[in-house]
Structure formats: C-alpha cells, structure tokens
Amino acid sequence: DEVHLVPRSGDGMYRTLLAALLSMNPRMKVIGFTATAYRTDSGMLHEGPDRLFTDIAYDIDVLRLVDAGYLCQVVPKRVDGTIKTDGVAVRGGEFVPGELEAAAMGVGMVAAAVDEILRYGADRRSWLVFASGIDHANAIASMLAEHVNTATIFGETPSDERTVKINAFRSGSLRCIVNVGVLTTGFNAPGVDLIALLRPTKSPGLYVQQVGRGLRN
C-alpha cells in the first residue's frame, strides 16, 4: 500500500526486501496500491529506469469516486492572502523547506491565515491544518488556541502523544490539529470538514494527499 513512498533507487526497506525475494523467485509478481501513481522527481511509477511496476492494472479518478458517493465533494474557498513563493528555491522538484517556511512566516502572513481559518471554520467542526515547518505550525497553533482547542503534530511527536491527540481529534474534543508533513498519507479522520493548506507544494501527489484528508465519508 502507498507504493508512491517506495524509492525508485535500490535503497530502503521495501526495495531491499523485494530485491531479496526476487532473487529467490525471479517470477514473483509485485502489486502496489496508491492514490497517486507518480512522483514529482521521476514521473509515473511504472515508467522509466529502475521502475518497480510494469503497468497500471486498474485506476479510478477522484471525480468518479465523488460522483459515486464514495468521497466527499471538495468546496474550495477564495483566500485574501497567499504565501509568496516567487523567491523560494526549488530542489528535486519541490520547494526548499527552510526557504518555504521563511516565506510562510512573512510579516502578517500567519495572522492573516489564522483569521481566514477562523472565518471559514466558524461553522466547521474538525479542522486539519498543513503548515510549512515546525516554527510556522507553532505560530499558527498559538494563535488558533486563543479561540479553539488546538494541538500540533510533528514527525518528532512521540507515538503515544500522537495517538492521544488523534483520538481526541476524531472524537471531537479537539477541534483543530496543525501538522507538518505527518497527517497526509494514510491518515483517516472522516469528521474532517475543513482543510487549511498553508504548505505550498509543487508536487501534485502531495497536494492530492493533503486535500484527500477531507474527502472521507
């Protein structure tokens, strides 16, 4: 599952395991599942050198799943301010994290974003915020916490603490979670009814994964 996370190179746990299994049985078939069958840095998962897969056996797009009632309809909202990324460097097809966070924390940017979250979230029950870095997330959470129950989750957050926060979020006792690159792939909280994208990206896959957290029925 989530095979877009398996690196194209021979490094990593999954590649090492698959290489060992293929050495024992060269005829072994590998089947992968993902909502985003591509990577920004290397394209489609079944194309190019060192590909792990040979073709796509079945796919269905998000719009068809929405129309069929399996996913929720996304309702985009116009925002008054956006994070300026014109001067942010790009490396490997994605914004350089430190420069992106600096842009996101420009004068007045955090306060303006929080004001819009409060405005659009007034009649929403479960808010999920994607921030551009830890300092950015803490700044957002500090301002939001003056109005609603808010928590932060980062990669360094201990697993037991993360579990407590996520359970509180799912139960409704915690209204907002601000995260940095954690609650994307595989995170499932059907109650989410507001997604705040404060983490610009050049990756279609990451964008779809972030927005997808609000598509669960």
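Residues numbered from 1 in each chain as written. Predicted model: local features only at pLDDT ≥ 70, side-chain atom pairs only at ≥ 80, totals over all residues. Heavy atoms only, no water.

What am I meant to see in the pattern of salt bridges here?
Pairing of side chains with opposite charge becomes possible as their charged atoms draw close. Evaluated as defined, the whole model comprises six salt bridges. Of the charged contacts in the structure, one is a salt bridge between Arg 119 and Glu 116, with a shortest N-O distance of 3.3 Å. On the criterion of helical spacing, the pair formed by Arg 119 and Glu 116 is a turn pair, its members being three residues apart in helix 4 (residues 109-120). Overall, the relative accessible area of 44% leaves Arg 119 in the partly exposed class. (Salt bridge = Lys/Arg side-chain N within 4 Å of Asp/Glu carboxyl O. Helix = DSSP H or I, 4+ residues; strand = E, 2+ residues; numbered from the N terminus. Buried < 20%, exposed > 50% of the residue type's maximum accessible area, 1.4 Å probe, protein only.)

Explain the sheet that holds strand 6 (residues 150-153) to me, please; I cannot follow it from the model alone.
Hydrogen bonds between backbone atoms are what pair the strands of a sheet, whose relative direction is either parallel or antiparallel. Spatially, the four strands line up as an open sheet ordered 6-7-5-8, and their pairing is parallel. Only two strands of the sheet have a single neighbouring strand rather than two, namely strand 6 and strand 8 (194-197). On average, each strand axis in the sheet is inclined to that of its neighbour by 20 degrees, with strand direction left out of account. When strand 5 (residues 127-130) meets strand 8, the two strands line up parallel, connected through four bridges. (Pairing = 2+ DSSP bridges. Axes fitted to C-alpha atoms, helices over the stretch in contact; angles between N-to-C directions.)

What is the right way to read helix 3 (residues 97-104) from this model?
Think of an α-helix as 3.6 residues a turn; residues three or four steps apart then line up on the same face. Those residues of helix 3 not exposed but buried are Leu 100, Glu 101, Ala 103 and Ala 104. All buried residues of helix 3 fall inside an arc of 160 degrees around its axis, so they share one side. (Arc of directions from axis to C-beta.)

Hey, could you run me through the environment of Asp 61 in this one?
For Asp 61, the location among the structural elements is in the loop between strand 2 (43-44) and helix 2 (62-67). For the pair Asp 61 and Thr 36, spaced 25 residues apart in sequence, the C-alpha to C-alpha distance is 10.0 Å. Within the local environment of Asp 61, its side chain forms a polar contact with the backbone nitrogen of Leu 63, the two atoms lying 3.2 Å apart. (Polar contact = N/O pair within 3.5 Å; in protein donor to acceptor, adjacent residues only side chain to side chain.)

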